[in-house]
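Structure assessment
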Amino acid sequence: METLGYLMHGFGVALTPSNLLLASIGAVVGTMVGVLPGLGPINAVAMLVPVVFALGLPPESSLILMAAIYIGSEYGGRISAILLNVPGEASAVMTAIEGYPLARQGKAGIALSLSAWTSFVGSAIATIGIVVAAPVLASWALAFGPVEYVALMVFAFACLSGLLTDQPVKAMLAISLGLAISTIGIDANSGVYRYTFGSPNLVDGVQFATVVIGLFAISELLIMLEFMHGGAAVRIKQMGRSLFNRSEMLFTNMATLRGSLIGFFVGILPGAGGTVASALAYTTEKRVVERAGPEGSLFGRGDMRGLASVEAANNSASNSNFIPMLTLGIPSSGTTAIMLGVLTLYNLTPGPALFRSQPDLVWGLIASLFIGNFILLAINIPLVGVFARMLSVPAWVLVPFIVVVSTIGVYSGKSTTFELVLMVGLGIGAYFLRRLGVPMAPLILGLVLGKILEQSLRRALSLSAGDIAILWSSPISIVLWTMAAAVFLAPLLLPKFQRWRRATITADE
Amino acid sequence: MNNDRILGAAAIAVAAILIAYGYGLEAPFAYEPVGPRAFPLIAAAVIAVCGAILVLKPGAVDDAQTPMPGRAIIALSGSLLAYSFLFQPLGFVISTTVFMVPIAMIFGAKWWQGALTGGLLAVSSFLLFDSVLDVVLPVGPFGGIV
């Protein structure tokens, strides 16, 4: 019952006029960002990092805005997937498989409204899950000391490289590059300057906004160039009936429920966001339907159950992503990693203590997820045509817009040419790394967690006067180390799992 | 040459730089058993190990990869670098108007479409950020909007 009281308090925070306005703006912007191929939630949230500081927003309002954009983009991603067969963002890849054939059969309106509805159901189930699970997990995690934190972060890194990518080595490389970047600047414990190369610009480290904007927004522009030369996709204009009916809803209810649950549990794991969740939900749903009776299956040719489960799963996952972020301080996707980085910029230490020390922030954010989802459902069914028109914005308007907002954002922090050049340099470097198959989200996770990991490690070893055995001295840490080893080694030992992963995960984000 | 090998070699080079500059990091007064250099060196070691794995066991060459549009990449990188170097000296409005033309053209605009986009973006975002949101932008040699 205590939880309900906190939740009511959270609604009080989220329903203040300014926070309600931010959630609505975030929902609209998020949907737009999701619609546009090449501008995912991670780029949008990255570009917002300096903006929220320029606006002088308090931490809970910043997170409410960013969270609304994040969940909104999951709604938006489905629009371009269904109408254009081009996923607006990575986790909508599976949406296109069933959604586009439906649209070609003249059922675009049904596919869009049905997927908006299942997105909403998935999100709602996941947000209820957050309310139930997060406080429990947080109170349990309060017992974590530096020793457990070291093990937990290693487990998160193992999940990230084991689950996310085709080549775990490259994810590991990205994580360690992030860790290395986090050490740049003055060392808080000893006052020693690390990797500043005598430059005053690097004394207090690399600005977080510069790194995320460079790695995501700028490198994305270079990636966009490659798709410029591909043929233009055919956009479906015929919308058909604009709302799904009762029998279609009953037909897809079980698929939606299964997708929501899969998404919820996958979203909790570090490193496995909407992309993995939607792939897993799709393959599961296909198997369930085909086992029940292969003659009724339209999978691959526009089966509403496939569409429903995928959309429920990726929205559910993007909401349950907030559980590890809020309770453990371990983000499970690139976008939540950026939000966590924003918290540290407000001098807040992410982790279970937030539930005690910042109830406004934690519960305001959770309540705003509920509100944001209602707003998204409300705008996504009637206004879908307006958002679809975004697809005709030419790249030559979009790209200069991204460049200008990114540049102003980075410049607003320290007002130096150095930061701007660093942003572009990192963007070009990130482009080549991405071309070579190195994912960027783990790099950001490494960067965000680097300082906390180093501090935990040093604190743990101070407790034991330098004896490393302390790192596996408690039962919780032993469990975490074992789980880390299992996650990291399982893909190497199970060729079948590896094949499945290769077949289902094509895009990494 | 396999792309993974190049990546691996680059990773080893980065690790070598990190170790070379990190090895000498020592605190004048040590209060704790682990000093400032341990963590960077661990990160460097993991980077080196990943690099070595990539060099010794590179993945299969991916045939599905699209060819890199080399000239466009160079043009865009060059424009972005020039913009970031000249942003402060030329001022926000002038640099934005000038450099958005080539950037828009790389993405298929005609020159006047680029100039229109750049000019509108420059003036409107200057008004929004500098005048409304109090984000200080460089005014350049002529001052203000011009």
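Use the structure listed above.
What you are looking at is a predicted structure, and each value in this text was computed from that prediction instead of being measured. (Residues numbered from 1 in each chain as written. Chains lettered and ligands numbered in written order. Predicted model: local features only at pLDDT ≥ 70, side-chain atom pairs only at ≥ 80, totals over all residues. Heavy atoms only, no water.)

A word on the overall build of chain B
What chain B contains, in helices and strands, is five helices and zero strands. Walking chain B from its N terminus toward its C terminus, one meets helices and strands in the order α-α-α-α-α. Burial statistics for chain B: of 146 residues in total, 38% are counted as buried. Considering only contacts in chain B between residues 6 or more positions apart, those separated by 24 or more positions represent 57%. For chain B, the accessible area works out to roughly 7,900 Å², and carbon and sulfur atoms hold 72% of it. (Helix = DSSP H or I, 4+ residues; strand = E, 2+ residues; numbered from the N terminus. Buried < 20%, exposed > 50% of the residue type's maximum accessible area, 1.4 Å probe, protein only. Contact = heavy atoms within 4.5 Å. Areas by Shrake-Rupley, 256 points an atom, 1.4 Å probe, with all protein chains shown as cover.)

Looking at the overall build of chain A
When you go through chain A residue by residue, the secondary structure sums to 21 helices and two strands. Over its C-alpha atoms chain A spans a radius of gyration of 22 Å, differing by no more than 12% from the 23 Å that the globule rule assigns to 509 residues. Taken over the C-alpha atoms alone, chain A extends approximately 70 × 50 × 50 Å along its principal axes. Put simply, chain A has 509 residues, and 62% of those count as buried. Excluding contacts between residues fewer than 6 apart, the proportion of contacts in chain A whose partners are at least 24 apart in sequence is 80%. Per element, the accessible surface of chain A, about 17,900 Å² overall, is 69% carbon and sulfur. Computed over 27 positive and 23 negative side-chain charges, the separation of the two mean positions in chain A equals 8 Å. (Rg over C-alpha atoms; globule rule 2.2 N^0.38 Å. Lys, Arg positive; Asp, Glu negative; His and termini not counted. Charge placed at Lys NZ, Arg CZ, Asp CG, Glu CD.)

Topic: the side chain of S477 of chain A
Residue and element names in this part refer to chain A. The topology assignment puts S477 in helix α20 (residues 475–493). Look at S477 and you get buried, because its relative accessible area is 0%. From its side chain, S477 meets the backbone oxygen of S474 in a polar contact 2.8 Å long. Setting aside its immediate chain neighbours within four residues, S477 contacts V147, E148, A151, L471 and W472. (Polar contact = N/O pair within 3.5 Å; in protein donor to acceptor, adjacent residues only side chain to side chain.)

Some thoughts on the packing of helix α3 (residues 70–90) of chain B against helix α4 (residues 92–106) of chain B
For any two helices packed against each other, one specifies the crossing angle of their axes together with the interaxial distance. Residue and element names in this part refer to chain B. Viewed as axis vectors pointing N to C, α3 and α4 meet at an angle of 175 degrees, and their least axial separation amounts to 9 Å. Here α3 is positioned roughly antiparallel relative to α4, judged by the angle of their axes. Side by side, α3 and α4 meet where A72, A75, L76, S79, L80, A82, Y83, L86, F87 and L90 of the first sit next to F92, I94, S95, T96, F99, M100, P102, I103 and I106 of the second. (Axes fitted to C-alpha atoms, helices over the stretch in contact; angles between N-to-C directions. Parallel < 35°, antiparallel > 145°, perpendicular 65-115°, else oblique.)

Some details on the environment of L56 of chain B
Position of L56 of chain B relative to the elements: it lies in helix α2 (residues 38–56). Spatially, the C-alpha atom of L56 of chain B lies 44 Å from that of M100 of chain B, the residues being 44 residues apart in sequence.

Observations concerning the pattern of salt bridges
Opposite charge on two side chains allows them to pair when their charged atoms are near. All names here are of chain A. Here the structure, examined in full by the defined rule, presents 10 salt bridges over all chains. Residue D303 is joined to R305 by a salt bridge in which the shortest nitrogen-to-oxygen separation is 3.0 Å. The residues D303 and R305 share a single accessibility class, namely buried. Here E454 makes a salt bridge to R458, at a shortest N to O gap of 2.9 Å. Separated by four residues within a single helix, E454 and R458 lie in helix α19 (residues 441–463), roughly one turn from each other. Under the relative-accessibility criterion, R458 is labelled buried at 2%. Three or more residues are tied together by salt bridges with common partners; here these are D187, R194, E454 and R458. (Salt bridge = Lys/Arg side-chain N within 4 Å of Asp/Glu carboxyl O.)

Purely spatial values, then, with no claim about function.
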